[in-house]
Amino acid sequence: MSAPEVYSIAKTPVTCHAFNADRSQVAVSLNDNNVQIYSKQGKEWILSETLSEHDKLITSIDWAPNSNRIVTASQDRNAYVWSLSPDPLTGKMVWKPTLVLLRINRAATFVRWSPNEDKFAVASGARAIAICSFDAENNWWVARQLKKPIRSTVLSIDWHPNNVLLAAGSADMKARVFSAYIKDVDKRPSPTIWGEKLPFNTICGEYSSPAGGWVHAVGFSPSGDVLAFASHDSSISIVYPGGPMVYNIRISSLPYVTLTWTSEDALVAAGHDCQPVVFSGSEQGWALIGTLDDTTAPSASKAPGARTGTVGRLNSSAFNTFRNADTRGHTGGDNASDTELLTVHQNTITSVRPYAYSGEGVIDRVSTTGVDGKLVIWDVNAVSALTGKMGGLRV
């Protein structure tokens, strides 16, 4: 079982991250209004460039692998597309921003390039999603908005492989699938399991959170035939529209805020429990099968005297005192004096992204960043069993 690669990027929270095509650079937001680009040098990530254009905190970043363009979204209600071009004075390649006219009056919350990289979607707190495409005649990016029937802030989005359908999760406790077809940009889409006629703003599916929680994350499977979404009610939902059938997996730990599919029958989710966990299944049923964070293995991120135990719990003297009193009847204190978590990440995981592919639609490594300022690369095949309450799940 290969150990994860752990890098301490910063001592401040990492809001989001995105790698370039060859994984030699990573763009991150350190909970401020700048984009920091780090370059891989040996076994370390070194800050190479800072992109400054936004006025407020950057909420989301995406890096197009083929066109090598970066798109950023911010609480200042703007999005910028960054392209590498030669400086007219020095000839050096520099990142130049292009402002996108989003026409929103609330913060932009999430952004993703489409698979063909000819448009991108920006979620917002304005109860709308801006679908942005390039107008070559005027040399700018223009936006069309998906609005109905969104009733609250859109928290996450994900593109279908056909470059037309878009999944969105929002704070109105719904996950939806929209058509983002733009006549002058997209070819006529072929029929899918989500529908045949797909004019702009067609609702192809709408699904509720099991217990009324915000939908933090959404994702299409590699084929686009299955949808997964994570809610604030500590649940993961898997949608098969052809059935239609929805599997709701309720967990007894803290909610997940981000997810990514690794194959047609598996996905990785992470969030407030500080560890990436793996779900697997098919149309016959889904289950949580384990975690990528082996809390029983020694790790540099864990204190020398740290003990194994319930995942995601504090190894503090107060906690151990109450635990021993409850489970063993001990009333004495505990020798442990630190408060380090038993997981690699020491705080909420804010983003999980695909890192390396082993085949068509199959991901064998994912990357995570968190509030603890760490960047971690995980082998998705190195799955450990869950301990404690995380093992008791309901489907």
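Quick look at the structure, then. (Residues numbered from 1 in each chain as written. Predicted model: local features only at pLDDT ≥ 70, side-chain atom pairs only at ≥ 80, totals over all residues. Heavy atoms only, no water.)

1. Brief notes about the overall build of the chain
Turning to step 1, where the next piece is worked out: When you go through the chain residue by residue, the secondary structure sums to 1 helix and 28 strands.
Turning to step 2, where the next piece is worked out: Taken over 395 residues, the chain has a buried fraction of 51%.
Turning to step 3, where the next piece is worked out: Contacts spanning at least 24 positions in sequence make up 50% of the contacts within the chain whose residues lie at least 6 apart.
Turning to step 4, where the next piece is worked out: Put simply, the chain shows about 17,400 Å² of open surface, and 49% of that area lies on carbon and sulfur atoms. (Helix = DSSP H or I, 4+ residues; strand = E, 2+ residues; numbered from the N terminus. Buried < 20%, exposed > 50% of the residue type's maximum accessible area, 1.4 Å probe, protein only. Contact = heavy atoms within 4.5 Å. Areas by Shrake-Rupley, 256 points an atom, 1.4 Å probe, with all protein chains shown as cover.)

2. What about the sheet that holds strand β15 (residues 165-170)?
Turning to step 1, where the next piece is worked out: Judged by pairing direction, the sheet is antiparallel, and its 4 strands sit side by side in the order β14-β15-β16-β17 without closing on themselves. Each edge of the sheet is formed by a strand with only one pairing partner; in this case those strands are β14 (154-159) and β17 (203-208). Across the sheet, the axes of successive neighbouring strands diverge by a mean angle of 15°, strand direction being ignored.
Turning to step 2, where the next piece is worked out: As paired elements, β14 and β15 share 5 bridges and run antiparallel to each other. Bridging from a neighbouring strand, Ser156 pairs with Gly169 of β15. (Pairing = 2+ DSSP bridges. Axes fitted to C-alpha atoms, helices over the stretch in contact; angles between N-to-C directions.)

3. Brief notes about unusual backbone geometry
Turning to step 1, where the next piece is worked out: The omega torsion across Lys148 and Pro149 is 0°, close enough to zero to call that bond cis.
Turning to step 2, where the next piece is worked out: Among the structural elements, Pro149 can be located in the loop between β13 (140-146) and β14.
Turning to step 3, where the next piece is worked out: With omega at -10°, the peptide bond leading from Gly243 into Pro244 counts as cis.
Turning to step 4, where the next piece is worked out: Relative to the assigned elements, Pro244 resides in the loop between β20 (235-240) and β21 (245-250).
Turning to step 5, where the next piece is worked out: Phi at Asn163 is positive, roughly 75°, even though this residue is not glycine.
Turning to step 6, where the next piece is worked out: For Asn163, a relative accessible area of 1% puts it in the buried group.
Turning to step 7, where the next piece is worked out: Phi angles above zero are rare outside glycine, and Met173 is one such case at about 70°.
Turning to step 8, where the next piece is worked out: Considering the arrangement of structural elements, one finds Met173 in the loop between β15 and β16 (174-179).

4. Some remarks on the nonpolar core
Turning to step 1, where the next piece is worked out: Counting 20 residues, the largest nonpolar core has Ile236, Ile238, Tyr256, Leu267, Phe279 and Trp286 as its most contacted members.
Turning to step 2, where the next piece is worked out: At the level of elements, β19 (227-231), β20, β21, β22 (256-263), β23 (266-271), β24 (277-282) and β25 (285-291) are the ones that each hand at least two residues to this core.
Turning to step 3, where the next piece is worked out: In contact with Leu267, not counting residues within four places along its chain, are Ala228, Ile238, Thr260, Trp261, Thr262, Val277, Val278, Phe279 and Trp286.
Turning to step 4, where the next piece is worked out: Formed by 17 residues, the second largest nonpolar core is a distinct cluster that contains Ala79, Ala108, Trp113 and Ala143. (Core = buried A, V, L, I, M, F, W, Y, C linked by side-chain atoms within 4.5 Å.)

5. Points about the pattern of salt bridges
In a structure, side chains of opposite charge can pair up when their charged atoms sit close to one another.
Turning to step 1, where the next piece is worked out: For the structure shown, the criterion picks out 5 salt bridges.
Turning to step 2, where the next piece is worked out: A salt bridge links Glu206 to Arg176, with the nearest nitrogen and oxygen atoms 2.8 Å apart. Residue Glu206 is found in strand β17, and its partner Arg176 is found in strand β16; the two are separated by 30 residues along the sequence.
Turning to step 3, where the next piece is worked out: Assessed through its relative accessible area of 39%, Glu206 is described here as partly exposed.
Turning to step 4, where the next piece is worked out: Taken together, the shared-partner salt bridges in this structure form one network comprising Asp172, Arg176 and Glu206. (Salt bridge = Lys/Arg side-chain N within 4 Å of Asp/Glu carboxyl O.)

In short, shape yes, function no, at least from these values alone.
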